[in-house]
Amino acid sequence: MDKEEYRHIIDNYFRAFGTGDFSEVQFSSKIQFLSPISERTINGTKDVSHFVSGVATRVSEVNVLSITIEYPRASGVWQMKTTKGTLYTLHNFFRLDEEGLVYIWPMFDPKAVIDNPAGLIQWLTGNGY
């Protein structure tokens, strides 16, 4: 794959949060997702898809600001608006392999989190949201 193909894979991943459909996202068979709310790593396509699909039910809008590819690493800055109107800005670190996304580590800009720390946990988990 070339840079544009990897950029497309990452863009599809971000945009899937807006549609809730992760079926077109190219996850590697070895995908790992570092949870943004714990030190737990989610492993495998089924569990990663389940987690991100759940979060996507609470997203109303996605805006991709930038994607940088330096294979086998990449990063992207993007924003997602929750269904309650909170705008979160994130920076995601990715590792890629020949199959697609093999590692995802999302990091939140603390500005929106400072306003409502419990809100981020509720939004990510769906508990009390």
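(A) Broad picture of helix α4 (residues 117-125). Of the residues making up α4, those classed as buried are G119, L120, W123 and L124. Looking down the long axis of α4, one finds its buried residues gathered within 125 degrees of arc, a one-sided arrangement. Following α4 by one or two positions, G126 has its phi on the positive side, about 85 degrees.

(B) Spatial organisation of the environment of S38. Inspection of the secondary structure puts S38 in the loop between β1 (27-34) and β2 (41-43). Residue class for S38 comes out partly exposed when judged on its relative accessible area of 35%. Each C-alpha atom of the pair S38 and E5 lies 31 Å from the other, and the pair is 33 residues apart in sequence. At a separation of 3.1 Å, a polar atom in the side chain of S38 contacts the main-chain amide nitrogen of R40.

(C) Structural detail: the sheet that holds strand β5 (residues 87-97). What the 6 strands build is an open sheet, ordered β2-β1-β6-β5-β4-β3; its pairing is mixed. Single-partner strands in this sheet number two, and they are β2 and β3 (59-70). Each neighbouring strand pair of the sheet contributes to a mean axis angle of 20 degrees, computed without reference to strand direction. Pairing of strand β4 (residues 73-82) with β5, which is carried by 9 bridges, proceeds in the antiparallel orientation. Residue pairing for β5: R73 is matched across the bridge by R95. Sheet strands touched by helix α1 (residues 3-19): β1, β3, β4, β5 and β6 (100-108). Its angle to β3, the strand with the most contacts, is close to 160 degrees.

Calculation notes
Residues numbered from 1 in each chain as written. Predicted model: local features only at pLDDT ≥ 70, side-chain atom pairs only at ≥ 80, totals over all residues. Heavy atoms only, no water. Buried < 20%, exposed > 50% of the residue type's maximum accessible area, 1.4 Å probe, protein only. Helix = DSSP H or I, 4+ residues; strand = E, 2+ residues; numbered from the N terminus. Arc of directions from axis to C-beta. Polar contact = N/O pair within 3.5 Å; in protein donor to acceptor, adjacent residues only side chain to side chain. Pairing = 2+ DSSP bridges. Axes fitted to C-alpha atoms, helices over the stretch in contact; angles between N-to-C directions. Contact = heavy atoms within 4.5 Å.

Distances and angles like these do not, on their own, reveal function.
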